[in-house]
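# Fold and geometry: a report
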Amino acid sequence: MWKQLTALLQARDILYTWTLREVKVRYTDTSLGLAWIVLYPAAWVILFTLLFSHLVPVPVQGLPYPLFVMTGLVPWFFFSNTTSNCVSSLKHNANLIPKVYFPREVLPLGSVLVGLLDLMFYLLLLLVAMLYFHVGDGVKLLMLLPIIMSLTALTLAVGLLTARFALFRREVQLLVPMALQFLMYMVPVFYPVEIVPVHLRMVYLLNPLASLMDSFRHILIYNRWPDWRAFGYASVVSFALLVFAYWDFKRAEPQFADRL
Amino acid sequence: MIQMRFENVSKKYRQRHANEADADLWALRDINFECEAGEVLGLVGRNGCGKSTLLKLAAGVTTPTTGAIYTVKPIAPMLELGAGFHPDLTGRDNIRLNGSLLGLGRRMSTSLFDEIVAFAELEQHVDTPVKHYSSGMTARLGFAVAVHSPARLLLVDEVLSVGDKLFQQKCLARMQYLRDQGTTIVLVSHDDWWIRNFCTRALLFEAGCIVSDTTPDEALSQYDLHLYKAFGANQQGVSVGKVEVFDGEDRPISELHGTSVRARIAFDASGIALPYQIVVRVRRQDGVYTAMCITEALDTHSAGKAVLEIDNLSLVVGRYVLEVSLEDAKTHIVLATQVSETFLVPGYFDVRRGYHGIIQVQSRWHFD
């Protein structure tokens, strides 16, 4: 695996230009251009606020609901958008893969980097909202860094696995969007973890994504340190999964060109 | 220095069928060869004989089922021009992107960038999205990026027909320059001209195996023979059999002295569409037809032997064959064809000067 990582490091130029390409492609030829990146989350925040603040109120410990739901949506967008981009990252480049060799993980990795750029931008919006609502603690915000790292590791792991399996089994491409829709209800996006019954909470937090998203929210608006055991568990699982996913990806890589 | 080596390389593909069991297809079997720096290797053979698979293996996009491959890095694979171009991005962005895939690095110098743009003749369009390019423009850009990469091994798959005559001349000049710099070039082309004039060596493929590793001229004539065998073998009662060539004294020839030639041709036209003609062409090894003899339009079905006598075949030095075909008299479509053994017209041959014209003339010099 060491050799493969060195090869990837040597291919960083490709990764850089590829990521740039993905970003550019997204914002050329759309009439609203950069405005999309604000309109898309805004629409979700408004929808959720109407639903769970007015129609079916969800208890959020006295916090403003729009802010509450933003802290759930930001990591969720990162995970779900990146995963759906990763799934098709190899398939969409079916004309390129059989023609030029480069480390193939560049493609899902590029999707993750694009997702990270979006995440940074959303975080900025979130910080503005926090200033507006006078919530948040400067020192605890540093904790965001390890949380985002674990979240990135988890997302990349899932991205590598789904991208590679999408080549071998057609169903994956159909299953992933459906799985993501289900998953949104199983992680704390629009409700707090606290509404999950105590005896089920252990099971609920076995999902590393749920743990990480909960830690994320704790840091940002509850002004509390995360549950260290849950966070530690989620990080270990995420990085272990990444190592496995990368190993598996490189193992399957020689067959990619023949499978397309 | 060895730039590329294939050792006992075989490649198996799994063919998926809808209703039957999967079948294995050996695209390449037991391939062995080496390539030196500055060699230009031509790959010749019919469609599906494994040429493109070999290039893919050399490029590293797929791995051999058995055997080992060694290649120098970096490689510029031109298996498809402009692979990875994104239609929405400008020529400029695509040059950087494609360049990074081919090892040019994103911090490509501006002088190199300008050189690529100038080579592709796209100065006016470099900031236009590639989707507005014509197919020729896209191909020129792809070619330009590839031949400016620092590759020590250039893999070219049937992409030389891009652009107009002038651009092709430029491609040739650029590739000759790369070759002289020590870049090894592997070329797949169905255009004899490129194989004959640019390659230093050729491999002839047949059903996934290398059947001969020889000079381009020799490989092409063997390939022709192979094609003729495959041609017309499928139709009952339409074939050209053995073609024997004799000299003026009725001796079978391998070397021609004098100018008289007789050819005895076995043919079968019992199942042919009427009327037809028997056509004999004298073909030199480089593909040039030097003479042609045609019968009247024949409208009786027959099979047997025909004899052709040529009295004044004044050929320049070189190797020749007689190419005999049965052709539809109205449409001139070739129905069956066959070639004779090659024969040599002896004489002094200067490789650097190439062939000495087409016909031999009697000439004298005078100086004042």
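Every value quoted in this text rests on a predicted model; they were computed, and no experiment measured them.

On to the domain arrangement of chain B. Taken domain by domain, chain B holds domain 1 (2-221) and domain 2 (235-345). For domain 1 of chain B versus domain 2 of chain B, the distance between C-alpha centres works out to 38 Å.

Attention now moves to empty space enclosed by the protein. Residue and element names in this part refer to chain B. Taken as a whole and judged by the stated rule, the model has 1 cavity of 30 Å³ or more. For the largest cavity, the calculated volume is near 70 Å³. Counting residues per element, the ones that place at least two in the lining of the largest cavity are strand S5 (75-78) and helix H4 (135-147). Residues belonging to the lining of the largest cavity are distributed by class as follows: 7 nonpolar, 3 polar and 1 charged.

Moving on to the interface of chain A and chain B. On the side of chain B, 26 residues touch chain A, which itself brings 23 residues to the contact. Here chain A packs against chain B, burying approximately 2200 Å² in sum over the two surfaces, 58% of which is carbon and sulfur. Among the residues of chain A in contact with chain B, Asp 13, Arg 21 and Lys 99 of chain A are the three that bury the most area, contributing 26% of the side total. Run the count over chain A and chain B and you get 2 salt bridges. Of the charged contacts, one joins Lys 11 of chain B and Asp 258 of chain A as a salt bridge, the two residues approaching to 2.8 Å between their closest N and O atoms. The interface formed by chain A and chain B contains 4 residue pairs in polar contact (both at pLDDT 80 or more). Elements with a minimum of two residues in the side of chain A that touches chain B: helix H2 (12-27) and helix H11 (256-259) of chain A. Of the residues forming the side of chain A that touches chain B, the biggest block, 8 residues, is contributed by H2 of chain A.

Further remarks concern the sheet that holds strand S3 (residues 40-44) of chain B. All names here are of chain B. Taking strand neighbours across the sheet as the criterion, the 6 strands line up as S5-S6-S7-S3-S8-S9 in an open arrangement whose pairing is mixed. Strands with a single pairing partner mark the edges of an open sheet, and in this sheet they are S5 and strand S9 (209-214). The mean inter-strand angle of the sheet, taken between neighbouring strand axes irrespective of direction, is 15°. Across 5 bridges, strand S8 (residues 201-206) lies against S9 in antiparallel orientation. Residue pairing for S9: Leu 204 is matched across the bridge by Ser 212.

Residues and elements named next belong to chain A. Where helix H4 (residues 65-89) contacts helix H5 (residues 106-133), the two axes come as close as 9 Å, and the packing angle between them is 170°. Comparing their axes, H5 and H4 come out roughly antiparallel. Along the lines of polarity and charge, the residues of the contact of H4 with H5 split into 17 nonpolar, 6 polar and no charged.

On to unusual backbone geometry, then. Residues and elements named next belong to chain B. Residue Pro 74 follows Lys 73 across a cis peptide bond; omega there is -5°. Turning to its location among the elements, Pro 74 is positioned in the loop between strand S4 (66-71) and S5. In this structure, Asp 30 takes a positive phi of about 50° despite not being glycine. When you line up the elements, Asp 30 lands in strand S2 (residues 23-36). For Glu 121, which is not glycine, the phi torsion reads 60° and is therefore positive. Its place among the elements puts Glu 121 in the loop between helix H3 (110-120) and H4.

What follows is about the nonpolar core. Core analysis: the biggest nonpolar cluster contains 92 residues, and Tyr 65, Trp 76, Leu 126, Leu 209 and Phe 216 of chain A have the highest contact counts within it. Dropping the residues within four chain positions of it, Leu 209 of chain A is found in contact with Trp 76, Phe 79, Leu 151, Leu 154, Leu 183 and Val 187 of chain A. Grouped together as the second largest cluster of nonpolar side chains are 49 residues, Ile 116, Val 156, Leu 160 and Leu 172 of chain B included.

The next point concerns the packing of aromatic side chains. One pair of aromatic rings is described through two measures. These are the centre distance and the angle between the planes. All names here are of chain A. Enumeration over the complete set of coordinates arrives at 25 aromatic pairs over all chains. Between the aromatic rings of Phe 190 and Tyr 191, the centroid separation amounts to 5.3 Å while the plane-to-plane angle is 85°, which identifies the pairing as edge-to-face. Relative accessible area serves as the criterion here: at 8%, Tyr 191 is assigned to the buried category. Measuring from ring centre to ring centre gives 5.9 Å for Phe 244 and Trp 247, while their planes differ by 40°; the resulting arrangement is tilted. Residue Phe 244 and its partner Trp 247 are both found in helix H10 (residues 228-252); the two are separated by 3 residues, about one turn of the helix. Joined through ring pairs, the aromatic side chains of Tyr 40, Trp 44, Phe 48, Phe 52, Phe 77, Tyr 122, Tyr 185, Phe 190, Tyr 191 and Tyr 204 make up one cluster.

In this structure the tally under the stated criterion is 25 salt bridges over all chains. Its salt-bridge partner being Arg 21 of chain A, residue Glu 22 of chain A comes within 3.4 Å of it at the nearest N-O pair. Among the residues examined, Glu 22 of chain A registers a relative accessible area of 28% and is labelled partly exposed. A salt bridge links Asp 88 of chain B to Lys 131 of chain B; the shortest N-O distance between them is 3.0 Å. Residue Asp 88 of chain B is located in the loop between S5 and helix H2 (91-101), and its partner Lys 131 of chain B is located in the loop between H3 and H4; the two are separated by 43 residues in the primary sequence. For Asp 88 of chain B, a relative accessible area of 24% corresponds to the partly exposed category. One network of salt bridges, in which partners are shared, links Glu 105, Lys 250 and Glu 253 of chain A.

Cut-offs used in this document
Residues numbered from 1 in each chain as written. Chains lettered and ligands numbered in written order. Predicted model: local features only at pLDDT ≥ 70, side-chain atom pairs only at ≥ 80, totals over all residues. Heavy atoms only, no water. Domains from an automatic or database assignment. 1 Å grid on protein atoms, 1.4 Å probe; cavity = no way out; pocket = protein on both sides within 12 Å on 5 of 7 lines; lining within 4 Å. Points joined across faces, edges and corners; volume = space filled by probe spheres on them. Helix = DSSP H or I, 4+ residues; strand = E, 2+ residues; numbered from the N terminus. Nonpolar A, V, L, I, M, F, W, Y, C, P; charged D, E, K, R; others polar. Contact = heavy atoms within 4.5 Å. Buried area = accessible area lost by both parts, 1.4 Å probe. Salt bridge = Lys/Arg side-chain N within 4 Å of Asp/Glu carboxyl O. Polar contact = N/O pair within 3.5 Å; in protein donor to acceptor, adjacent residues only side chain to side chain. Pairing = 2+ DSSP bridges. Axes fitted to C-alpha atoms, helices over the stretch in contact; angles between N-to-C directions. Parallel < 35°, antiparallel > 145°, perpendicular 65-115°, else oblique. Core = buried A, V, L, I, M, F, W, Y, C linked by side-chain atoms within 4.5 Å. Buried < 20%, exposed > 50% of the residue type's maximum accessible area, 1.4 Å probe, protein only. Phe/Tyr/Trp six-rings, centres within 6.5 Å; stacked < 30°, edge-to-face > 60°.

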